[in-house]
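# Breakdown of the fold
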Amino acid sequence: MYTQALNTSEAEDRNLEDAARAAQFQARIDAEERIEPNDWMPAAYRKTLVRQISQHAHSEIVGMLPEGNWITRAPTLRRKAALLAKVQDECGHGLYLYAAAETLGSSREELVDQMLAGKAKYSSIFNYPTLTWADIGVIGWLVDGAAIMNQIPLCRCSYGPYARAMIRVCKEESFHQRQGYEIMLTLSRGSEEQKAMAQDALNRWWWPVLMMFGPPDRASQHGDTSTRWKIKRFSNDELRQKFVDATVPQAQYLGLTIPDPGMRLNATTGHWEYSAIDWEEFKQVLAGNGPCNRDRMAARRKAHEEGAWVREAAAAYAEKRRQRSAARAA
Amino acid sequence: MATPNTPLWEVFIRSRNGLAHKHVGSLHAPDATLALQAARDVYTRRGEGLSIWVVPSSAITASDPSEKGMMFEPAESKIYRHPTFYDVPEEVGHM
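Residue positions are counted from 1 within each chain, in the order its sequence is given. Each chain is given a letter, starting from A, and each ligand a number, starting from 1, according to the order in which they appear as written. Owing to the predicted nature of the model, reporting of local features is limited to residues with pLDDT of at least 70; listing and counting of side-chain atom pairs is limited to 80 or more, with chain, interface and lining totals taken over all residues. Side-chain measures here rest on the full set of heavy atoms in the structure, leaving out hydrogens and waters.

Attention now moves to the sheet that holds strand S2 (residues 22–28) of chain B. All names here are of chain B. Within the open sheet, the three strands sit side by side as S2-S1-S3. Their pairing is antiparallel. Strand pairing shows two members of the sheet lacking a second neighbour, S2 and strand S3 (51–56), which therefore form its edges. Direction aside, the axes of adjacent strands within the sheet are offset by 30 degrees on average. Paired strands, as defined in this entry, are two strands with at least two bridges between them according to DSSP. For helices the rule is a DSSP run of H or I covering at least 4 residues; for strands it is a run of E covering at least 2, with both sets numbered from the N terminus onward. Inspection of the sheet shows strand S1 (residues 8–14) paired to S3 by six bridges, in the antiparallel sense. Here an axis means a line fitted to C-alpha atoms, over the contact stretch when the element is a helix, while the angle between two N-to-C directions is reported on a 0 to 180 degree scale.

Have a look at this one:
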């Protein structure tokens, strides 16, 4: 009985200590201090970040697939070089992000395995197909534009390694959006067929891009605590509105029509109001039923499996060299 | 055969302006040669550096953040280590 009593009191003390530490932690966040890997943090903060950063990393990696589809078919060498550089950047962004997630105590292998097993999510947008060259323009202009809108506030996220990774990502990402807009500009100033191609791509991508900001504020699961912890600085709807307001004049300049007949400028607020988003489609795509979910997962698994011999050979070679230098030293 | 987790390396880059090598991030590689190549690809795609160091993360010894008070307090109380602590008359000019 005595032992049990001791245990109880210990557990209670630990809770008290945790409550005190949690309050201290929140005070640091409120003072805009950055949290670093070895600092104490609530388990839920760690879990939220591992989930968010690894999903972000998976998105960068899966995001290479829709664009990679067009590298060999880019219309000019200039476009091809730019697209190749962009896809290389996405890979780099994935790696920065995995490294940031790893500082929280999960290995990259573990995180990648979760993705390959279909247990981790990645951005819904990459489950849509790239049917024409104009899709590459729209991805740069709108998909990367939306990503930048999301990522700029993350540069001030409370978790140091994530914030620092986002600063690098945002610096590099701005070329992505500009090269996309340039593609759209060329097409929309081109032949009738090219204009139609640009409009068709905008029609197909507009709504999925608006969904990238996540569920509406009234339905978001993670919003409140993430805001309190300063992981998130703006709500989904706020960012979506900022994006729409920035994008409408850009579309007007291109002479393209946003596929939302209900869209109108609210003269009082100065904001562009958009029609209701089909959240059922979003749910379906996240649940694995989008147009390309199975293709994307199959492509990632194939790349992982076909790269296995490279990983094994590199590890074996490193081990052989280690043993040889140990033998020489002996 | 299960491949062991690939070791982690910390990457330091000396930028063009001649400053010291600065930590830029980390990466995984089986050995030092591949770590250098990966660091080139991951961290210097836009001419960010003229020199790269890679160091096995396991070789780094870090101070304990929970003891930072004790660790850095000795410097905080010694304001006389800063030039502004000393009064020099204005007539003397810049010193």
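Moving on from the model shown.
With that out of the way, let us pick up helix H10 (residues 236–254) of chain A. All names here are of chain A. What a helix is expected to span follows from its residue count: subtract one and scale by 1.5 Å. Helix length check: H10, at 19 residues, gives a terminal C-alpha distance of 27 Å against a target of 27 Å (1.5 Å per residue), a fit within 8%. Each residue gets one of three labels from its accessible area relative to the maximum for its type: buried under 20%, exposed over 50%, partly exposed in between, using a 1.4 Å probe on protein chains only. All of the buried residues in H10 are Asn236, Leu239, Arg240, Gln241, Phe243, Val244, Asp245, Thr247, Val248, Ala251 and Leu254. Contacts are assigned to residue pairs that have any heavy atoms within 4.5 Å of one another. In this fold, the buried residues of H10 make contact with helix H6 (133–154), helix H7 (160–188), helix H8 (192–211), strand S2 (272–273) and helix H11 (279–289). Of the residues one or two after H10, Gly255 is the one with positive phi, at around 75 degrees.

Here we take up the interface of chain B and chain A. At the interface, 19 residues of chain B touch 24 residues of chain A. Here the quantity called buried area is the total loss of accessible area, with a 1.4 Å probe, experienced by two parts when brought into contact, counted for both. In total, about 1,700 Å² of surface goes out of reach between chain B and chain A, with carbon and sulfur atoms giving 49% of it. Looking only at chain B, the three residues that lose the most surface to chain A are His28(B), Arg45(B) and Arg46(B), adding up to 30% of its buried area. Salt bridges are defined by distance alone: a side-chain nitrogen of Lys or Arg within 4 Å of a carboxyl oxygen of Asp or Glu. Where chain B meets chain A, there are five salt bridges. Residue Asp89(A) pairs with Arg46(B) through a salt bridge whose shortest N-O separation is 2.5 Å. Within 3.5 Å is the distance limit for a polar contact, defined as a pair of N or O atoms, with the added protein rule that one can donate a hydrogen and the other accept it, and that residues adjacent in sequence qualify only through two side-chain atoms. Here chain B is connected to chain A by eight residue pairs in polar contact (both at pLDDT 80 or more). Broken down by secondary-structure element, the contributors of at least two residues to the side of chain B that touches chain A are S2 and helix H1 (32–43) of chain B. When residues of the side of chain B that touches chain A are assigned to their parent elements, the largest contribution, four residues, is made by H1(B). Under the scheme applied, nonpolar residues are Ala, Val, Leu, Ile, Met, Phe, Trp, Tyr, Cys and Pro; charged residues are Asp, Glu, Lys and Arg; polar residues are all the others, including Gly. Split into classes, the residues belonging to the side of chain B that touches chain A amount to eight nonpolar, six polar and five charged.

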